[in-house]
Every structure is written in structure tokens, then in C-alpha cells.
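Residue strings, one per chain:
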Amino acid sequence: MKSELSEEKKISGWLVFLLASACGLIVANLYYAQPLVGPISADTGISAGLSGLIVTMTQLGYAMGLLFLVPLSDLLENKRLVASILVVAILGLVLAPMATTSYLFFAATILIGLGSVAAQILVPFAAHLAPEKQRGRIVGNVMSGLLLGIMLARPVASIITGIWGWKSVFLISAVIMAMLIILLSFLLPKRKPQPQDNYQAIIKSLWHLFRTSSVLRRRALYQAALFGSYSLFWTVVPLWLSYHFHLTQNEIALFALAGVAGAIASPIAGRLADKGWARKLTGLAFIIAAASFVLTYVLQSNQRISLFIFCAAAILLDMAVSGNLVLGQQAIYGLGDEIRGRVNGVFMAVFFAGGAIGSALGGWSYAQGSWKAASVIGFILPVIAFLYYLTERKVKH
């Protein structure tokens, strides 16, 4: 029985579920540390001034992986590559709870970030398996899993830490990654690219692709703006919920769980993109994202209603970001099978850079002018993207 894919592309429902689950579990590694900065800093001797690096170093490792490991999926057999990269994540996840110094912990977080890029090999892998007419729907389903991983990581980490301590979060994830390696090694079909370039040429081509492909460039910048507003929101909102609404840490975790409802936009966006609605939905995503920040100012005099409205705003923002992400991936994956890995790497690197900038702007603006200052920047980012989007008709793709 041949393990290679046949000419007629097919992908079963259980395999889509496996890929979606794997992506969510892998990418969650990037966010477990976010709500655990306090206990991690206390145990590893990280100063208050350097505590922000706990998350930043993980993102740095992820960015490095996007640029230097993900393009390997255009060169090497994908199933083996995913397993190898997940081993790096496991090393980081085991090393993190053993760390007794800040340097050792930061090294572990870089490894976690590097290893977590395996998710960004699985997403284009799903696109490769999918028939062209169903690609948007299937990528949307897989991205739902990935986005659920992002959204659930923070509350899950908080709950596990409350029961067993922060170290158990990383050790449990290490076991899960090991189980994923076994499952994916047995159940994924092989995908061996037919490369026309060597690794050095592929890396050199990344800037060329970004510069010459208007589809890739626009979609990456669109998503960077939206993810910047999303990262700003979730960096600042826990502080505002605690200060203004007097919520406890557990109540803030429940608020974060409510935002998970926004992930339903991914499969819907994928299906509508397959029907040719991608461009209109892109503009709508920017409008919804900007409107979500405006919504937080409605009925502020009543704290209970205002909190409910904040929750609705979080769901709407998450829907805009997750929906547009699928629209962007559907567009860039159509640029060609032979460059899909590196295109995804460039797209994700720019997109996560936008998130890092949004987080930094959120922390700074909140310190300067509380929620009012932060929300203005959160509103401006999708508005800028929308103005850029309005020029799209003048551009030949």
C-alpha cells in the first residue's frame, strides 16, 4: 500500500481533526508562560525589569523558526521534519521547569518557540492535502484548532498552576508533544517536495517573495495590523479588568475563555472564501475589529453591563482576527505548492511581528493613559489596515 498521496487529493475528516488538534496543542506552548510571569520570576530569579522577556524570548524563538525552519518544508519530507522540530520543543519544555537561573530559563523558552513552529508546517500540509475547491474550508477547520490553542493556553495554564504549580504546565505539555510525535509519525501521509532550489537559495528568496508578491505582502500586513490590535487588547485587558472591574485572577481567566467563541469565525470564513467572498470579508474584518474597541465605551456608567459589553467586544475582535487569518492563508496558499512553506513562513513572521509590536504598544500606552490611550491605538491599527485595503483594487496581483 503506497503511503504517498495519490494524484486525486483527498483528506478525511479524522485527519483534519488530528491536524487541527495538533496545531492547537503545539501553538499553545507559546502562551502558557504569559499568565505565569510572577511565579516563574520568583523561582528562577528573573527581575521585574526582565520579566517581560519570558514571553518575548519565546516569540523570538518562534520568529527564528518561522524564517529558518519552516522553509525547510519546501525541501525535506514534511512528516519527518515535523517530528524533528517537535523534539526541540520537548527539550525546551523539559528544561524550563528545571531552570534555576534566568539565563537557563530564557534558553529553554527560545527552544520552546523554535519547536512550536511545527504547527506552521502542518497548516500548509493540510492545504497541500486538500482539494483546491475545499482548501479554504479545510484550512479554516485546521486554523480553528490552532486559534483555540492560542485562546485556551492562558486560562488552562492558570488553572493547572493553581492545582499543581507552574512547572507541571511545561512537563504535561512535553508529554503531549511526545504523544503527538508518535501519532503524526504513524498517521500522517508522506509529503516529499520536489525542490528546485537548495536551502541557501530558499532563505534568500524570502525577501524576494515578500517584495514581489502583492498577495503575500498585503495579506501579511493586513494580519499584522489585526494581530497587533488583538495582542494589545489581551495585554492590557487583564490589567483593566483587575483595576476597573475588580475581577480576581480566576474571573479574568473565565473572561479569556469567553473570547474563545471568536474561533467559530475560522471555518465560516474558510467556507465563504471558497465561494469567492474573501475580499469583502477582509474589509468587514477590519471594520469589526475597529468597532470592537469603540464598543467598550458603551454604557460605561453601569459596570455590570459594561463588563458584558467588554466580553462581547473581545469575542468580536477574536472573530475578526481568526476569520481574516484564514482568508489570508487561503490566498497565499494559492501561490503554488512548491513555495508554500516559505510563503507561510514569511506570512507568519510578519504577522507575529505585528503582534509583538501591538503588545509593546499596549503596555506603553496603558502606562501613559490607561484603557483610553490603549484603546485608541487598538482602534487605529485596523483603521490603517482598512485604508490600505481600499487601494487593493488598483493593484494587480
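Reading guide: rules and limits
- Residues numbered from 1 in each chain as written.
- Predicted model: local features only at pLDDT ≥ 70, side-chain atom pairs only at ≥ 80, totals over all residues.
- Heavy atoms only, no water.
- Helix = DSSP H or I, 4+ residues; strand = E, 2+ residues; numbered from the N terminus.
- Contact = heavy atoms within 4.5 Å.
- Buried < 20%, exposed > 50% of the residue type's maximum accessible area, 1.4 Å probe, protein only.
- Phe/Tyr/Trp six-rings, centres within 6.5 Å; stacked < 30°, edge-to-face > 60°.
- Lys NZ or Arg CZ within 6 Å of the ring centre and 35° of its normal.
- Patch = residues over 30% accessible without salt bridge, like charges linked within 9 Å, V, L, I, M, F, W, Y side chains within 5 Å.
- Areas by Shrake-Rupley, 256 points an atom, 1.4 Å probe, with all protein chains shown as cover.
- Salt bridge = Lys/Arg side-chain N within 4 Å of Asp/Glu carboxyl O.
- pLDDT = per-residue confidence, 0-100.
- Expected span 1.5 Å × (residues − 1).
- Polar contact = N/O pair within 3.5 Å; in protein donor to acceptor, adjacent residues only side chain to side chain.
- Core = buried A, V, L, I, M, F, W, Y, C linked by side-chain atoms within 4.5 Å.
- Axes fitted to C-alpha atoms, helices over the stretch in contact; angles between N-to-C directions.
- Parallel < 35°, antiparallel > 145°, perpendicular 65-115°, else oblique.
- Left-handed = near helix turned anticlockwise from the far one by under 90°.
- Nonpolar A, V, L, I, M, F, W, Y, C, P; charged D, E, K, R; others polar.

A. The environment of Leu18, seen in detail. Topologically, Leu18 is positioned in helix 1 (residues 13–27). C-alpha of Leu18 to C-alpha of Val142: the two residues are 124 residues apart in sequence and 8.7 Å apart in space. Leaving out residues up to four positions away in the same chain, Leu18 has contacts with Leu184 and Leu187.

B. Up close: unusual backbone geometry. Notably, Ser370 is not glycine yet its phi reads approximately 55 degrees, a positive angle. Inspection of the secondary structure assignment puts Ser370 in helix 15 (residues 340–389). The class of Ser370 is partly exposed, set by a relative accessible area of 23%.

C. Geometry of the packing of aromatic side chains. For the coordinates displayed, the defined rule picks out 22 aromatic pairs. For the pair Phe233 and Trp234, a centre-to-centre distance of 5.3 Å together with 75 degrees between the ring planes defines the contact as edge-to-face. Residue classification places Trp234 among the buried positions, given a relative accessible area of 11%. Aromatic pair Phe310 and Trp371: ring centres 5.2 Å apart, planes at 55 degrees, arrangement tilted. One end of the pair, Phe310, is in helix 14 (residues 303–333); the other, Trp371, is in helix 15, and 61 residues separate them in sequence. For the pair Phe310 and Trp371, a shared accessibility class is recorded, and that class is buried. One aromatic cluster is present, formed by Phe233, Trp234, Phe245, Phe255, Phe293, Phe310 and Trp371 through successive ring pairs. The aromatic ring of Tyr388 is capped on one face by Arg218, whose charged end is 4.3 Å from the ring centroid.

D. Broad picture of a nonpolar patch on the surface. Taken together, the side chains of Trp14, Ile182, Leu183, Phe186 and Leu187 present a nonpolar region at the surface, about 560 Å² in accessible area. Tracing the chain through its elements places Ile182 in helix 8 (residues 166–187). Its relative accessible area of 51% is what places Ile182 among the exposed residues.

E. The confidence of the model for the protein chain, seen in detail. In this model, the protein chain carries an average pLDDT of 85, and 94% of its residues clear a pLDDT of 70 or more. pLDDT under 50 marks residues 1–7. Its contacts with residues more than four places away, or in other chains, come to seven contacts.

F. Structural view of helix 8. Its 22 residues give helix 8 an end-to-end C-alpha distance of 32 Å, which sits within 8% of 32 Å, the value for a rise of 1.5 Å per residue. Every buried residue belonging to helix 8 is among Trp166, Ser168, Val169, Phe170, Ser173, Ala174, Met177, Leu180, Ile181 and Leu184, and all of these are buried. Check the buried side of helix 8 and you find it contacts helix 1, helix 2 (37–44), helix 4 (78–98), helix 5 (102–115), helix 6 (119–129) and helix 7 (135–164).

G. Main features of the pattern of salt bridges. A full pass over the atoms with the stated rule returns two salt bridges. Across the salt bridge formed by Asp74 and Arg342, the nearest N and O atoms sit 3.1 Å from each other. Linking Asp74 in the loop between helix 3 (53–68) and helix 4 with Arg342 in helix 15, this pair joins segments that are 268 residues apart in sequence. Both residues of the pair, Asp74 and Arg342, belong to the buried class. Between Glu392 and Arg279 there is a salt bridge; the shortest N-O distance is 3.7 Å. Remark: Arg279 occurs in helix 13 (residues 278–295) and Glu392 occurs in the segment after helix 15; sequence separation between them is 113 residues. Look at Glu392 and you get buried, because its relative accessible area is 10%. Using a relative accessible area of 25% as the deciding quantity, one classes Arg279 as partly exposed.

H. Just helix 4, in detail. Counted at 1.5 Å a residue, the expected span for helix 4 with its 21 residues is 30 Å, and the 31 Å between its end C-alpha atoms agrees. Among the residues of helix 4, the N-terminal cap falls to Glu77, whose side-chain oxygen and the backbone nitrogen of Lys79 are separated by 3.1 Å.

I. Looking closely at the nonpolar core. Among the nonpolar cores identified, the biggest contains 121 residues, and Leu19, Ile40, Leu86, Phe105, Leu122, Phe170 and Phe352 are the most heavily contacted of them. Per-element accounting of this core gives the leading share, 15 residues, to helix 10 (residues 214–244). Apart from the residues within four sequence positions on either side, Phe352 is in contact with Leu30, Tyr31, Gln59, Tyr62, Leu66 and Phe227. Core analysis: the next-biggest nonpolar cluster, separate from the first, contains five residues, Ala269, Ala273, Leu281 and Leu327 among them.

J. Summary view of the side chain of Asp74. Classification of Asp74 as buried rests on a relative accessible area of 2%. Looking at Asp74, its side chain comes within polar contact range of the main-chain nitrogen of Arg342, at 2.9 Å. Ignoring any residue separated from it by four or fewer positions in sequence, one finds Asp74 in contact with Pro193, Pro195, Ile202, Asp337, Glu338, Ile339, Arg340, Gly341 and Arg342.

K. Region of interest: the packing of helix 4 against helix 8. Interhelical geometry of helix 4 versus helix 8 gives an angle of 165 degrees and a closest axis separation of 9 Å. Taken as axis vectors, helix 4 and helix 8 run roughly antiparallel relative to one another. When you trace helix 4 past helix 8, the crossing you get is left-handed. In this structure, helix 4 contributes Lys79, Val82, Ala83, Leu86, Val87, Ile90, Leu93, Val94, Ala96 and Pro97 to the contact, and helix 8 contributes Trp166, Lys167, Phe170, Leu171, Ser173, Ala174, Met177, Ala178, Leu180, Ile181, Leu184 and Ser185. Residues that form the contact of helix 4 with helix 8 fall into these classes: 18 nonpolar, two polar and two charged.

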